[in-house]
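Residue-level structural notes
Read off the chains here:
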Amino acid sequence: MVKRVLITLWLLACVPTLSSGAQPTELEEQVRVIAADLRCPVCQNLSAADSPSELAQQMRAIIKSQLEEGKTPDQVRAFFVSKYGEWVLLSPTKSGFSLLVWVLPYLALAGGLIFVVFVIRRWARAKPNNQSKDLSPDLLQRIQKDLRADKAWDSKADIEGPHGPLFRERARLYTELRDLEFDYQAGRISKTDYEELRRGYEEQASVVLKELDTISPATLAEPAPESEPMGQTVTNPTSAGSRRTWIFPAIATFLLIFGVTLGVLLSNSLRTRTSTDDSITGDFLTGTSSQGDPSGSTVGAQDLPSLLAQGRGAFERQEWPKAIDAFKRILAMDANQPEANSYMGLILADAGHADSALTAFDRALSINPNYPLALLGSGMVLYRQKGDTDGGSQRLKKLLGTLPPGPEKEQLKKTIAEMGKGGDEGEGAVTQAGVPKESVQGAITGTIAMDPKLKSQQSGQGVLFIIARSAGTQGGPPLAVRRFERPAFPFKYSLGQDNTMIPGTQFKGKMVITARLDKDGNPVTRGAGDLTGAYKNNPVDVDSQKQVDIVLDQKTP
Amino acid sequence: MGITLFVILALLGLLAYGFSRDPRYITSPLIGRPAPTFTLTLFDGQTLSLEDLRGKVVFLNFWASWCPPCREEAREMESIWKNLKQKDTVFLGVNIQDTEPDAKNFLKQFGITYRNGRDMLGKISVDYGVWGIPETFFIDPQGQITYKHVGTLGWPIISAKLDEARRRVVSASEGKGSYQPIR
């Protein structure tokens, strides 16, 4: 029976789905894009698109309504800036003082690169030649003279001869000396550095010159033996040094790449927690996906249809935590999504939170004033839980106007008619004049007593729930529930047709009757210290038995 | 050497400046601007529009029952209101991010008699850039915001700022007390 009604509800919920379409619209995508640019004022490090906070939800709703009014994305952004200041923009405007934020990183990067280039050049010049040699003034003079001479220092024969490497080394050192001189004159290098480097080069050049002096002119012309590779004929005084100079840039490059990779990986792997059991890392960092489906670090508009289907499925199967999770994720994206709000409202109403349920229904109706499921849900909550018959029937009459002719419409007409009569009787109930409503067909009465052993531990606080479930069912919303605040024991109660949780359900047949004194008043949570009790001879056939007494004799540890 | 020292000192200075600021604090651009208009459904079922209050100094206070600093200031606010009642001043409370029963309990608990309503969808609070409660706006008779205070308020500031609002004096900066970030 319960299932049939739930399917009916589901069918009702499908009516707007067909007309408005559950596909993520361009509008939703636009809302997401704008919200992603705005900082959530409460959590600060999340955008309004990613933040699950209530304020971020409200901001998304406002963005949506402003876009629907025809404002451009820039106007919407400007609206939030006018309220929270430039602060609210995750990417500040590229003008005025904020321009600095855009320019400074690039300036710093350029400055850093220039610094690195200078340092590397210095390293490359500074030869690790620490053996201080006394330079003979003769050799120094020769070097100075060679440098001043505006001609090639070596003939082609010299370079191609067996001592070519020595000549080439001399040419290289002379070039370095000239460049150094030029850099110094141009002011690119300090005096200390200049002198130190110059001395190093001159020492090396004098070694090469001495070496060249020992070679007789006859050997210069001999061809080089083929077995001797050129680079190894002479101990190159700079080879060890130049190898070392490349280590630093290599390390620097490695560190840079490492840093960038790490930054990209981390920023792609961190996500907001979707539940308390969730972790903030995942995906390609640890390989774990976020809890629940569809998996992924962020829920985008494209996930809406599948999340809705998931939520509806879970609702139908009466898997409440799963359904709540799915609808909550939708509401994190779009706080006013009518279908998710309506279902959340139904779940909240079942759990006894009439006010929260009405808020959810009102959110749905703020987007679509004729949303059938929200009209039905709010109507029933107003009527049954808030005792507002007028408000309730008003909503249901509005719903009646939107329904196509069919069995649902007929059923709804009956319900409204019954509400008009006072609404004590369910469908098919026989009203007997002068008979109190408790003794109408199906209703039961009885006394709830407290086990004397537990009496001392009872503080007089708490909420008493009397619960009837159809025999053979487990989980999901019960058939009927009554709630009494701060009851005095022994407590007389009645439970009947008007306490059923889902409209149209009949209070008849075999059922299991239990009672619970709940400390926090929330029927969904079972906290320590709750007292429970069940009727001794469960299940009860309420059609034949009317008196059901229960003793609260169990304590939740 | 001199440049290196300068760069290091500049960076340290920036760091020190950063640490000395409250990263949560959002400076409002609304002071000196016209107060955003709104229509509020009060807890007694009546509706009230800000425009109806033109010609009066409006003390607009955003609060929630779950916010400890709001509870802290509630009694004092009510006693100030009782003493000011004869004058040309209106106290108006806007309850945000709350449930109706909780809000009503709060009003009952502290015996609040000035008008209060609920901002169900958060439109008014976003319009006023509210981020930490209690958050109070002082609006002059012409509908301009003259002062904003984030956090608890006491008699000296309230009386001074009401007086300034009456004279249409716009404060240079906003005030700050102990506050609770909204949700």
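Everything discussed here concerns the structure shown above.
These numbers come from a predicted model, not from an experiment. (Residues numbered from 1 in each chain as written. Chains lettered and ligands numbered in written order. Predicted model: local features only at pLDDT ≥ 70, side-chain atom pairs only at ≥ 80, totals over all residues.)

**What to know about the sheet that holds strand S7 (residues 135-139) of chain B**
In a beta sheet, neighbouring strands pair by backbone hydrogen bonds and run either parallel or antiparallel. All names here are of chain B. A sheet is described by the order of its strands in space; here six strands give the open sequence S5-S4-S3-S7-S8-S9, paired in mixed fashion. A strand with exactly one partner marks an edge of an open sheet, and here the two such strands are strand S5 (115-119) and strand S9 (175-176). Sheet analysis places strand S4 (residues 89-96) next to S5, joined by five bridges and oriented parallel. Across the sheet, residue Val94 finds its bridge partner in S5, namely Gly117. Strands strand S3 (57-63), S4, S7, strand S8 (145-150) and S9 of the sheet are contacted by helix H5 (residues 155-166), whose axis makes an angle of about 160° with S8. (Pairing = 2+ DSSP bridges. Helix = DSSP H or I, 4+ residues; strand = E, 2+ residues; numbered from the N terminus. Contact = placed C-beta atoms within 7 Å. Axes fitted to C-alpha atoms, helices over the stretch in contact; angles between N-to-C directions.)

**Section: the sheet that holds strand S1 (residues 444-450) of chain A**
Residues and elements named next belong to chain A. The sheet built from three strands is open, its strands ordered S4-S1-S8 with mixed pairing. Since the sheet does not close on itself, it has two edges, and those belong to strand S4 (491-495) and strand S8 (550-552), each with one partner. Strand-to-strand, the axes of this sheet are offset by a mean angle of 30°, without reference to chain direction. Note: S1 against S8, three bridges, orientation parallel. Among the inter-strand pairings, Ile448 is bridged to a residue of S8, identified as Ile550.

**Some points on helix H14 (residues 320-333) of chain A**
Taking 1.5 Å of rise per residue, the 14 residues of H14(A) would be expected to cover 20 Å, and the 20 Å separating its terminal C-alpha atoms lies within 8% of that figure. Buried within H14(A) are the following residues: A:Ala323, A:Ala326, A:Phe327, A:Arg329, A:Ile330, A:Ala332 and A:Met333. (Expected span 1.5 Å × (residues − 1). Buried ≥ 20, exposed ≤ 12 C-beta atoms within 10 Å, placed from the backbone.)

**A look at the packing of helix H15 (residues 338-350) of chain A against helix H17 (residues 372-385) of chain A**
All names here are of chain A. Between H15 and H17, whose axes approach to 9 Å, the crossing angle comes to 25°. With respect to their mutual orientation, H15 and H17 come out roughly parallel. Note that H15 runs across H17; the crossing there is left-handed. Counted together, Pro338, Asn341, Ser342, Gly345, Leu346 and Ala349 of H15 and Leu373, Ala374, Gly377, Val381 and Gln385 of H17 form the full contact between these two elements. (Parallel < 35°, antiparallel > 145°, perpendicular 65-115°, else oblique. Left-handed = near helix turned anticlockwise from the far one by under 90°.)

**Section: helix H9 (residues 191-213) of chain A**
Residues and elements named next belong to chain A. Taking 1.5 Å per residue, 23 residues should reach 33 Å; H9 reaches 32 Å between its end C-alpha atoms and fits that length. Listed as buried for H9 are Leu197, Gly200, Tyr201, Glu203, Gln204, Ala205, Ser206, Val207 and Val208. Among the structural elements, helix H5 (99-125), helix H6 (137-148) and helix H8 (164-185) are those in contact with the buried residues of H9.

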